[in-house]
Amino acid sequence: MSEADAGISTNVAARLGFKEGELIQEFGYDEDVDFDLRDDIEDLIGSELLDEDDHEVVDAVLLWHRADDGDLVDTLMDALTSLEEGGVVWVLSPKPGREGYLPPSEIQEAAPTAGLHVTSTVGVSEDWAATRLVPRRNK
């Protein structure tokens with residue numbers, strides 16, 4: 001990876017809103033995840049990502065989800081158990097044309113059922129898009 005490419009991917013990790021010292025829990029890890037993005041996030045926060053079995057209260061969740069990974073609502077509910085109040089969930093899903101492509105409509109339908117609201121979607125790598133979910137505010 002060139003220095004320019006490294007700067008771009010580090011910018012992606014920062015654009016996702018991650019900050020040094022935060023605890024980030026990762027769900028859906030598999031051999032197809034974007035390892036450069038994971039490394040950049042870990043470099044930015046200064047620690048390794050926590051896995052699904054950790055029970056720490058976390059600042060954010062990184063959820064890799066593919067079309068054949070099962071019920072997204074169930075996975076989101078599991079991810080919320082350790083999320084700090086005000087934390088965010090980033091659902092990373094394969095882009096169109098990639099194996100495991102998950103239509104954005106599925107994320108938008110699952111989010112409210114899990115008590116979440118979709119705020120934005122960004123491309124984070126050649127193969128993955130990230131959708132930002134935040135807890136709905138009670139009025």
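The structure we're discussing is the one just above.
Now for a look at the structure at hand.

Conventions used here
Residues numbered from 1 in each chain as written. Predicted model: local features only at pLDDT ≥ 70, side-chain atom pairs only at ≥ 80, totals over all residues. Heavy atoms only, no water. Axes fitted to C-alpha atoms, helices over the stretch in contact; angles between N-to-C directions. Helix = DSSP H or I, 4+ residues; strand = E, 2+ residues; numbered from the N terminus. Parallel < 35°, antiparallel > 145°, perpendicular 65-115°, else oblique. Left-handed = near helix turned anticlockwise from the far one by under 90°. Contact = heavy atoms within 4.5 Å. Nonpolar A, V, L, I, M, F, W, Y, C, P; charged D, E, K, R; others polar. Core = buried A, V, L, I, M, F, W, Y, C linked by side-chain atoms within 4.5 Å. Buried < 20%, exposed > 50% of the residue type's maximum accessible area, 1.4 Å probe, protein only.

1. Things to note about the packing of helix H3 (residues 72-80) against helix H4 (residues 104-113)
- With their axes 9 Å apart at the nearest point, H3 and H4 run at an angle of 50 degrees to one another. On the basis of their axis angle, the class for H3 and H4 is oblique. The hand of the H3/H4 crossing is right-handed. Contacts between H3 and H4 involve Leu72, Val73 and Leu76 on the former and, on the latter, Glu106, Ile107, Ala110, Ala111 and Thr113.
- Class assignment of the residues belonging to the contact of H3 with H4 gives a composition of 6 nonpolar, 1 polar and 1 charged.

2. A closer look at the nonpolar core
- Of all hydrophobic cores here, the largest spans 20 residues; its most connected members are Phe18, Leu37, Ile41, Leu62, Trp90, Leu92 and Val124.
- At the level of elements, helix H1 (3-15), helix H2 (35-45), strand S2 (58-64), strand S3 (83-94) and strand S5 (128-135) are the ones that each hand at least two residues to this core.
- If we skip the residues at most four places from it in the chain, Leu62 touches Phe18, Ile24, Gln25, Glu26, Phe27, Ile41, Leu49, Trp90 and Leu92.
- Grouped together as the second largest cluster of nonpolar side chains are 19 residues, Leu72, Leu76, Leu102 and Leu133 included.

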